[in-house]
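Each chain, written out:
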Amino acid sequence: MTTKVTIDSNLLNLKQELESVNKLEELHKLGHIQIVGAERLFEEMRKYKPEAFEKVSKYKNIGEPFVIGRSRIGHAYISSDEEGLVTFRELSEILFPNFAAEKLTENQVNDVMHLIAHAHSDSEYFITENSKDFIHGKKNNKNRKSEMENLTREILKEKSIIILTSAEAVELFSAKYN
């Protein structure tokens, strides 16, 4: 069975300089994994890196749940209140605990939307190189005595969202498919 993985925008690898991403793309071509992207990935590439849109359009778009004031009509779906599915607000509080959801920057909103689309899909892993937002914690009043390394990753794992770097994914899939 093919493992589905959602990629973050920082893994587009247009110049083929990221060796671990090259290996993931090879595993994708071999059919061992399926690389998918959230609607936000497609929008970011169309807006910020038009030359990258051609590459990303080869991947399946998993869409994103409709979030009032955050989604583009026509490219979102209505999510249910199904138990266990995370909300935009929950994810924004995990990723950016020092910001109110209404005060997030465009890039922060994009990070949350990548993750919420992933969480509402059947993708198994979210792969990113953004350890600052998706892996390590940020100090605030609630966690000031906690260890920050891997804190966000562990909190997301409790929500059934598994975060990997591209190198960690290559290690995992190499063991599984070789």
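You'll find the structure just up there.
Calculation rules
- Residues numbered from 1 in each chain as written.
- Predicted model: local features only at pLDDT ≥ 70, side-chain atom pairs only at ≥ 80, totals over all residues.
- Heavy atoms only, no water.
- Helix = DSSP H or I, 4+ residues; strand = E, 2+ residues; numbered from the N terminus.
- Buried < 20%, exposed > 50% of the residue type's maximum accessible area, 1.4 Å probe, protein only.
- Contact = heavy atoms within 4.5 Å.
- Polar contact = N/O pair within 3.5 Å; in protein donor to acceptor, adjacent residues only side chain to side chain.

(A) Just unusual backbone geometry, in detail. The backbone of Asn150 sits at a positive phi, close to 65°, despite the residue not being glycine. Locating Asn150 in the fold gives a position in the loop between α6 (131–134) and α7 (151–158). Judged by relative accessible area, which is 23%, Asn150 ranks as partly exposed. The backbone of Ser160 sits at a positive phi, close to 70°, despite the residue not being glycine. Assignment of secondary structure puts Ser160 in the loop between α7 and β5 (162–164).

(B) Structural context of helix α1 (residues 19–29). Every buried residue of α1 is accounted for by Ser20, Val21, Asn22, Leu24, Glu25 and Leu27. Positioned one or two residues after α1, Gly31 has a phi angle of 85°, which is positive.

(C) Just α7, in detail. Taken together, the buried positions of α7 are occupied by Leu151, Thr152, Arg153 and Leu156. Looking at the buried side of α7, the elements it contacts are α4 (88–95), α5 (106–119), α6, β5 and α8 (166–177). Of the residues one or two after α7, Ser160 is the one with positive phi, at around 70°.

(D) How the structure looks around the side chain of Glu64. Relative to the elements of secondary structure, Glu64 occurs in the loop between β3 (60–61) and α4. Looking at Glu64, its side chain comes within polar contact range of the side chain of Arg40, at 2.8 Å.

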